[in-house]
Amino acid sequence: MEIEPVDGAVFIYTFGVMFSALWLSTPGTPPLNLFIFALFGVVSLGWTAYFKWQIAPQFRPDEDEEDEEPETPRPPTAEE
């Protein structure tokens, strides 16, 4: 498994969303302790793996499309 920068971004984003949602819902309840951080880490790691293998491949361009250069229209010249 090759770790890419996008994997770290997905992990941090997921962890941050869960942390901020818990804090915004009722500040201080439940108390933030090691178990909560570990739980958030495990869930974030699971979501990152799911994202990497199930969601991200849907957004990568096909290899055939990368080789083809789209034709760009040229403005007419005096010779044409």
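Residues numbered from 1 in each chain as written. Predicted model: local features only at pLDDT ≥ 70, side-chain atom pairs only at ≥ 80, totals over all residues. Heavy atoms only, no water.

The protein chain goes by DUF8074 domain-containing protein in an unreviewed UniProt entry, where it is assigned to Halosimplex litoreum.

(A) Here's a closer look at the packing of aromatic side chains. Within this structure, the stated rule accounts for five aromatic pairs. Ring centres 6.1 Å apart and planes at 15° place the aromatic pair phenylalanine 15 and phenylalanine 37 in the stacked group. With a gap of 22 residues between them, phenylalanine 15 in helix 1 (residues 5-25) and phenylalanine 37 in helix 2 (residues 34-55) connect regions that are remote in the sequence. By relative accessible area, which is 34% here, phenylalanine 37 ends up partly exposed. Here the aromatic rings of tryptophan 47 and tyrosine 50 are separated by 5.3 Å at their centres, their planes lie at 40°, and the arrangement is tilted. Of this pair, tryptophan 47 and tyrosine 50 both sit in helix 2, three residues apart, which is roughly one turn of the helix. Through pairs of rings, three or more aromatic residues link up here, namely Phe11, Phe15, Phe19, Phe37 and Phe40. (Phe/Tyr/Trp six-rings, centres within 6.5 Å; stacked < 30°, edge-to-face > 60°. Helix = DSSP H or I, 4+ residues; strand = E, 2+ residues; numbered from the N terminus. Buried < 20%, exposed > 50% of the residue type's maximum accessible area, 1.4 Å probe, protein only.)

(B) Fine view of the UniProt feature "transmembrane region" (unreviewed entry) in the protein chain. Summarizing the sequence annotation, UniProt attributes the feature "transmembrane region" (unreviewed entry) to residues 7-26 and 32-51 in the numbering used throughout. Helix and strand shares over residues 7-26 are 95% and 0% respectively, and the end C-alpha atoms of the span are 29 Å apart. (UniProt positions renumbered as here; feature names shortened; annotations may be inferred.)

(C) Up close: the side chain of threonine 48. As for its position among the elements, threonine 48 is in helix 2. The buried category is assigned to threonine 48, whose relative accessible area is 8%. A distance of 3.4 Å separates a polar atom in the side chain of threonine 48 from the backbone nitrogen of phenylalanine 11. Contact partners of threonine 48, with chain neighbours within four places excluded, come to Asp7, Val10 and Phe11. (Polar contact = N/O pair within 3.5 Å; in protein donor to acceptor, adjacent residues only side chain to side chain. Contact = heavy atoms within 4.5 Å.)

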